[in-house]
Amino acid sequence: MASKFGLAGGIPERRVRPIWDAIDSRQFKNALKQSTTLLSKFPNSPYALALKALILERMGKPDEALTVCLSAKDLLYKNDSVLMDDLTLSTLQIVFQRLDHLDLATSCYEYACGKFPNNLELMMGLFNCYVREYSFVKQQQTAIKMYKLVGEERFLLWAICSIQLQVFCGNGGEKLLLLAEGLIKKHVASHSLHEPEALIVYISVLEQQAKYGDALEILSGKLGSLLMIEVDKLRIQGRLLARAGDYAAAASIFQKILELCPDDWECFLHYLGCLLEDDSNWSNGVLNDPIHPPKFIDCKLSHLADEVFDSCMSNAVAFIQKLQADTSNNILRGPYLAKLEVERRKHLYGKGDDDKIMEALMQYFFRFGHLACFTSDVEVFLEVLTHDKKTEFLEKLMKNSESNSAVPTKELGKSITLLKVQELIGKMYRLPKNELEGSAVQMVEMYCKNLPLSKDLDPQESMHGEELLSMVCNILVQLFWRTGDLGYFVEATMVLEFGLSIRRFVWQYKIFLLHLYSHMGALSLAYEWYKSLDVKNILMESVSHHILPQMLVSPLWVDLNNLLKDYLKFMDDHFRESADLTFLAYRHRNYSKVIEFVQFKERLQHSNQYLVARVEAPILQLKKNADNVEEAECVLDSLKCGIHFLELSNEIGSKSLTFNEDLQSRPWWTPTSEKNYLLGPFEGISYCPRENLTKEREANLRRVIERKSLLPRMVYLSIQSASTLLKENIEVNGSVSDPKISSELKFLLERYAKLLGLSLSDAIEVVVGVSSGLKPSSAIAPDLIDWLNFAVFLNAWNLSSHELAQPDGEGHRPGTWDIVDSLLEKYISEVVRSINPIICAPWIDLPILVQLVTEPLAWHSLVLQSCVRSSLPSGKKKKKGGLDLSNSPLTHVIRESIQSLYGTVEDVMKWLREQIKRPEDENLETILSFVQKTGQNEGPGQVFKILETYVSSVNDAELGERISEAVKSWSPADVARKIITGKCTVLSEFLKICESKFKSLKTLKQQISQV
Amino acid sequence: MTTIRRFCCNDLLRFTSVNLDHLTETFNMSFYMTYLARWPDYFHVAEAPGNRIMGYIMGKVEGQGECWHGHVTAVTVAPEYRRQQLAKKLMNLLEDISDKIDKAYFVDLFVRASNTPAIKMYEKLGYVIYRRVLRYYSGEEDGLDMRKALSRDVEKKSIIPLKRPITPDELEYD
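In short, a report on the structure. None of these values were measured; they are calculated from a predicted model.

The rules behind each value
- For every chain, the first residue of its written sequence is number 1, and the numbers climb from 1 along that sequence.
- Starting at A for chains and at 1 for ligands, labels are handed out in the order in which the entities are written.
- At least 70 in pLDDT is required for a residue's local features to be given in this predicted model, at least 80 for side-chain atom pairs to be given and counted, and no such filter applies to totals for whole chains, interfaces and linings, which use all residues.
- Each helix is a run of DSSP H or I of at least 4 residues and each strand a run of E of at least 2, with the numbering of both proceeding from the N terminus.
- Exposed residues have 12 or fewer other C-beta atoms within 10 Å of their own C-beta, buried residues have 20 or more, and partly exposed residues fall in between, where C-beta atoms are placed from the backbone.
- The contact criterion used is a C-beta to C-beta distance within 7 Å, with each C-beta placed from the backbone.
- Pairing between strands requires that DSSP locate at least two bridges from one strand to the other.
- Looking down the strands as they point away from you, a crossover is right-handed if its path from the first strand over the helix to the second goes clockwise.
- Axis lines are fitted to C-alpha atoms, over the contacting stretch for helices. Their N-to-C directions set the angle, which ranges from 0 to 180 degrees.
- The scheme is simple: roughly parallel for angles under 35 degrees, roughly antiparallel for over 145, roughly perpendicular for 65 to 115, oblique for anything else.
- Here is the rule for handedness: rotate from the far helix to the near one, and if that takes an anticlockwise turn smaller than a right angle the crossing is left-handed, while a clockwise turn gives right-handed.
- To estimate how far a helix should extend, the number of its residues minus one is multiplied by 1.5 Å.
- This arc is built from the directions going out from the helix axis to the C-beta atoms.
- Classification used: nonpolar for Ala, Val, Leu, Ile, Met, Phe, Trp, Tyr, Cys and Pro, charged for Asp, Glu, Lys and Arg, polar for all others including Gly.
- Among buried residues, those of type Ala, Val, Leu, Ile, Met, Phe, Trp, Tyr and Cys that are joined through C-beta atoms within 7 Å form a set called a nonpolar core.

Here we take up the overall build of chain A. A count of helices and strands for chain A gives 49 helices and two strands. With the principal axes as the frame, chain A shows a C-alpha extent of 105 × 100 × 60 Å. With 1011 residues in all, chain A has 45% of them scored as buried. Restricting to contacts in chain A with at least 6 residues of sequence separation, those with at least 24 account for 68%.

Okay, here's the thing in structure tokens:
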């Protein structure tokens, strides 16, 4: 039954080996040939068939592979004498899995296990199948069977993990844990435990039921010796004691750990928390977001009596002093930060002493002020001080930092820290304009002056003082924000480009630049810098938020397509392979990872970005094919006419979304992709907004996904609705339009309107009002694209339903055509007029223009194409005499609508061509004139002037050849040229899109004129 | 102040500031997860107050007989947290586990022959260049196989340098 020695699936191994070798070396043709020969010798061998299926699948022939697999399966089922070994089944399993037929693989194993109920190998295969299917209950049942069969510890733990999975990731009740506990207890009584991971699982099962005492008992018993690292054991012990509420004992355990590892911050917090009997760290209710843990540690202090609090604190201080005295290692930050934390807690309790906090901060500065992490280390402690106290602290720092350190890099580190503290406490942003400029100048001078310190560094190593240029950029953007003077904005890009020409690996500069260029409308340039970050694999989930949202509303469709494709492939690949990795954790007995892997997969599956990408990818395909209704229909066909997305839209309200983006790396002026503070007023925004914006984002994104995923279906229904329009007119009696389409479209319009915050009738009133000028444009401005989409779909619905009253009373024009035409015309021309013609000005409205043309206008053109198509003579049918379509009111409005779109697109093209053909020299001069202001001692250009002077007087000997060459390679004219090219690329891509639309509309015009 | 703990999947979403550094490779998911599933004790992360990721180390234990050894696959520290001997701390941790729990004979690692700063650092931590692997990195650059003997290798046999360089196909492990 199981493969005997020298046999593979019942076939002598020597016959099979060459086939595997051929597969491994990707010689699939050769492998197929050999497998055919093998099959001629063993025509009834399921294994030989499975091999063939595997090869066919690898060759990209999924249908043939499936057929062969199915016949192998039939053979297995039919013939009782046939071998049923794990090798055959696992080979079939691989192919079935790759063909997305996990269920078939599972049923093969189920069948085999039914036939040979005591075969452990087959049962493991079956267990693996259930792992792949995330069927936790069946996993548990299979593991128990294996456990009963051989009594091994590992199978018991497989079962326990499967139970825990039911509780945490499935819908199993917590009482299942009692079952798990019973199973382990019984096993321990008879066999004890032998793996540390098994003990950890045992303890976790008890802990999950709040049986802390039991868990402690086990830990301190014989089983505890399984944990070989003392501190690991102590950590668990401390946690259990704390959760059990025995704070005094827990504190002494944590104290013990700190004596062994004095730098362990988390442990210190636990220690302090336990001293203060604060359960906020331990209560089960606190579900912190593990991806964005809070910067500020929550603590509960109010329940303590005064004297208790005082004595706790003095105990803590004494202990910290001991730690400080004991650690000879002078780079351990721990004991010194601990002092600060104690002062912070006193402050929170209401017994704070600002002077003491400042004193502790000063101490920390003397020791660690030169470190790049100083400011982020002390951020939480500074936070408790009032603004005045912060300023006082800063002054103290300035006074005390004058003592010169012998080591110049340390000296520089301290100077940077001083500047960073000013930034952190908001001082920088309250400075008047000229002082702010002065700070930027000071920083850039500091950067240049200290460049020689990096002379001997490896080119790949970070250089000393790199942060300074990021800070300069922040200030310049701040100045731009305050004054609206484009000069500062251009200057900021120049500074960063300067930094990158010296060392091209600084990702912080790249991210800042990509946001500046995005804001400027030079998106292709932004994308270039993004690509240079080499964002791949899991970083796509945490980093692509820097570029994806802008790309989604840009005309750079090729790049966008790649971005979406790569990202979705990464995610989908992970979802496919994740279960196999989970099984690997089972096999290697790392049980805690099993649950972690399953939870992680779920986290990624609920990623808001993933859901957005899944909706946007097909919408992009629709946009790309909107100039040809047949092609658009093909895309819709492949999307099952948008049905799946409707389901997504329905579900999204109840789905939990996860946010895995790393927002820390974003610049202050755009803390999330939905916010761009450069657009808004200066007032009312904190200088460095880093508050947790997840809640707000969640509601917003839910709405976006819900709305977007309605689109494919609505486009589909709109095309359908228009497809019989003119035919219907011909065939006087027989209406061909499907009432279902009309009623579904109406239903979706109601939903769409609801998402815009109104009932259908109110929403109709809004579009009617705005299009006729009775309501102001601003009524629909915030959701402009959605409103215009709504108008387009409304018109499409009205074509087949005629429910709407005719507004003009004369009955000539169905009003909705007019609404769509006038809205598109009006907003597109408004946007075109509002775009600042200056080449380096922010182009905030360009994405809106692109969306207007590629979304509502495109959808409307599909409706028109569908209408016109229905008027064309099809097949043998000839136009009936009698009815002359050419003069029908409907033909008339369609003609007018085509003409209107045609004119609108033509205007956009005209504007684009004007922008593109502007002479480069003129543009170049414009950009440079913003920063090269000779003779002026204030305003933009001060920082730029320093850089220019520095470059022209570079001292080769002092800087070393490499850096001095790099400095000299910086060319402001090149930067300006890149900006121009970047913007023109975007415009050209947009122009191409418009040209294609224009051509399509021209054809339509001709066709309709022949009706 | 630093908390060193086992690396977990969620850290993959939090290590961006470390991995955006161009010298730190971002591997595919199955690579990380295989390490987590097989050698969770060899994959640790260091966190600063405010829960920022400072750096991490990933490694494994493999080999047979006297070649049973710990291996450092990657060790990296964010620029903000450099010059605090964090890499040393992480390396010591891995050596400790190899030595005390898995009773390995030595720990080894590969480094680009041109990466002088890293080689210097490893030497300071007690590693010696055991052998040169020709064109180990994408068939272009040589790699240096560096080793440090553990307590089980009493005579320090595992670190006696090889006289000649080897080619990647002569390597015992991937």
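The subject of this paragraph is the pairing of strand 5 (residues 106-112) of chain B. All names here are of chain B. The element strand 5 is extensively covered by neighbouring structure, given that five of its seven residues are classed as buried. Inspection of the sheet shows strand 4 (residues 69-77) paired to strand 5 by four bridges, in the parallel sense. Following the sheet pairing, V72 is matched in strand 5 by L109. In this fold, the crossover linking strand 4 to strand 5 by way of helix 3 (residues 86-101) has right-handed handedness. By the bridge criterion, seven bridges tie strand 5 to strand 7 (residues 141-149) in an arrangement that is antiparallel. Note that in strand 7 the partner of V111 across the bridge is L144.

Angle between the axes and distance between the axes: these two values describe a pair of packed helices. Residues and elements named next belong to chain A. Where helix 23 (residues 433-450) meets helix 24 (residues 466-483), the axes come as close as 9 Å, and the angle between the chain directions of the two elements is 160°. On the basis of the axis angle, helix 23 is roughly antiparallel to helix 24. Every pair of crossing elements has a handedness; the one defined by helix 23 and helix 24 is left-handed. Taken together, the residues of helix 24 that come into contact with helix 23 (itself represented by K433, L436, E437, S439, A440, M443, V444, M446 and Y447) are L468, L469, M471, V472, I475, L476, Q478, L479, R482 and T483.

Our focus in this paragraph is helix 45 (residues 920-931) of chain A. Residues and elements named next belong to chain A. Between its first and last C-alpha atoms helix 45 spans 18 Å; for twelve residues at 1.5 Å apiece the expected length is 16 Å, and the two agree. Listing the buried residues of helix 45 in full gives N923, I927, F930 and V931. Taken end-on, helix 45 shows its buried residues confined to a sector of 105°, consistent with a single buried face. The outward face of helix 45, more than 90 degrees from its buried face, is lined by the exposed residues D921 and E922.

Right, let's get into the environment of A:M398. Residue and element names in this part refer to chain A. Relative to the elements of secondary structure, M398 occurs in helix 20 (residues 387-400). Owing to 12 C-beta atoms within 10 Å, M398 belongs among the exposed residues under this scheme. Remark: the alpha-carbon pair of M398 and S861, spanning 463 residues in sequence, is separated by 66 Å.

Let's shift gears to the sheet that holds strand 7 of chain B. Residues and elements named next belong to chain B. Pairing is mixed in the open sheet, where seven strands are placed in the order 1-2-3-4-5-7-6. The sheet terminates laterally at strand 1 (3-6) and strand 6 (128-137), the two strands that pair on one side only. Each adjacent strand pair in this sheet contributes to an overall mean axis angle of 25°, direction not counted. The pairing of strand 1 with strand 2 (residues 43-48) spans four bridges and is antiparallel. Following the sheet pairing, I4 is matched in strand 2 by A46.

So, about the interface of chain B and chain A. Facing 41 residues of chain B, the contacting portion of chain A comprises 50 residues. For the side of chain B that touches chain A, the secondary-structure elements that each account for two or more residues are helix 1 (16-19), helix 2 (29-38), helix 3 and helix 4 (116-124) of chain B. Among the elements that make up the side of chain B that touches chain A, the one with the highest residue count is helix 2 of chain B (seven residues). Split into classes, the residues belonging to the side of chain B that touches chain A amount to 19 nonpolar, 16 polar and six charged.

All names here are of chain A. With a phi angle near 55°, D534 is a residue other than glycine that sits in the positive phi range. With respect to the helices and strands, the residue D534 is situated in the loop between helix 27 (523-532) and helix 28 (539-543). If you check the backbone angles, C641 has positive phi at about 60° while not being a glycine. Following the sequence through the fold, C641 ends up in the loop between helix 33 (629-638) and helix 34 (643-651). A count of 18 C-beta atoms within 10 Å places C641 in the partly exposed class.

Turning our attention to the nonpolar core. Residue and element names in this part refer to chain A. V472, L476 and V495 are the most contacted members of the largest nonpolar core, which totals 343 residues. With 14 residues, helix 49 (residues 972-1009) is the single largest residue contributor to this core. If near-sequence neighbours (up to four positions away) are discounted, L476 is found in contact with A440, Y488, E491, A492, V495 and V943.

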